[in-house]
Amino acid sequence: RSCSFVSIGEKLGIDFSDYDKQNNVATGISGADVPGYIAPISFLIGDYEVTLNVAWMDIPFDPEKHYFFILGREKFFEEFDIIFRESKKKIIFRRV
């Protein structure tokens, strides 16, 4: 599943008061449960709209050690083939 932080979601306009807080939307490296919300986000790849349910973690975001968004395999990778052209520093998303 894709995941990010509540503070990032709020900056994207998500109102988390519309969703129930859960005790465990992700598991940290240490094995500890991470609280947060499951809420959708929509975005465009070309002219195709993608909507994903994202695990929004309710823990402090630290840009020194966290990625602001991790794209999970669930749904997205079912709809797109992803081609990494490392030598050209390019990623191609091809709709299946």
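Residues numbered from 1 in each chain as written. Predicted model: local features only at pLDDT ≥ 70, side-chain atom pairs only at ≥ 80, totals over all residues. Heavy atoms only, no water.

**What to know about the nonpolar core**
By size, the foremost hydrophobic cluster in this structure holds 14 residues, and its most contacted members are Phe 16, Val 50, Trp 56, Phe 76 and Phe 80. Elements with a contribution of two residues or more to this core: strand S3 (33-45), strand S4 (48-57) and strand S6 (80-85). Cys 3, Phe 5, Val 25 and Ala 55 belong to the second largest nonpolar core, which has eight residues in total. (Core = buried A, V, L, I, M, F, W, Y, C linked by side-chain atoms within 4.5 Å. Buried < 20%, exposed > 50% of the residue type's maximum accessible area, 1.4 Å probe, protein only. Helix = DSSP H or I, 4+ residues; strand = E, 2+ residues; numbered from the N terminus.)

**Here's the deal with the pairing of strand S1 (residues 2-5)**
Burial along S1 is two-sided: Ser 2 and Ser 4 facing one way and Cys 3 and Phe 5 facing the other are all buried. Here two bridges tie S1 to strand S5 (residues 69-70), and the two strands are oriented antiparallel to one another. Bridge pairing links Ser 4 to Phe 69 in S5. (Pairing = 2+ DSSP bridges.)

**Overview of the pattern of salt bridges**
Under the defined criterion, the tally for this structure stands at three salt bridges. Lys 21 is the salt-bridge partner of Asp 58, the closest N and O atoms lying 2.6 Å from each other. In this pair, Asp 58 is assigned in the loop between S4 and S5 and Lys 21 in the loop between helix H1 (6-11) and strand S2 (22-27), connecting sequence segments 37 residues apart. Between Lys 75 and Glu 79 there is a salt bridge, and its shortest N-O distance comes to 3.9 Å. Assessed through its relative accessible area of 34%, Lys 75 is described here as partly exposed. (Salt bridge = Lys/Arg side-chain N within 4 Å of Asp/Glu carboxyl O.)

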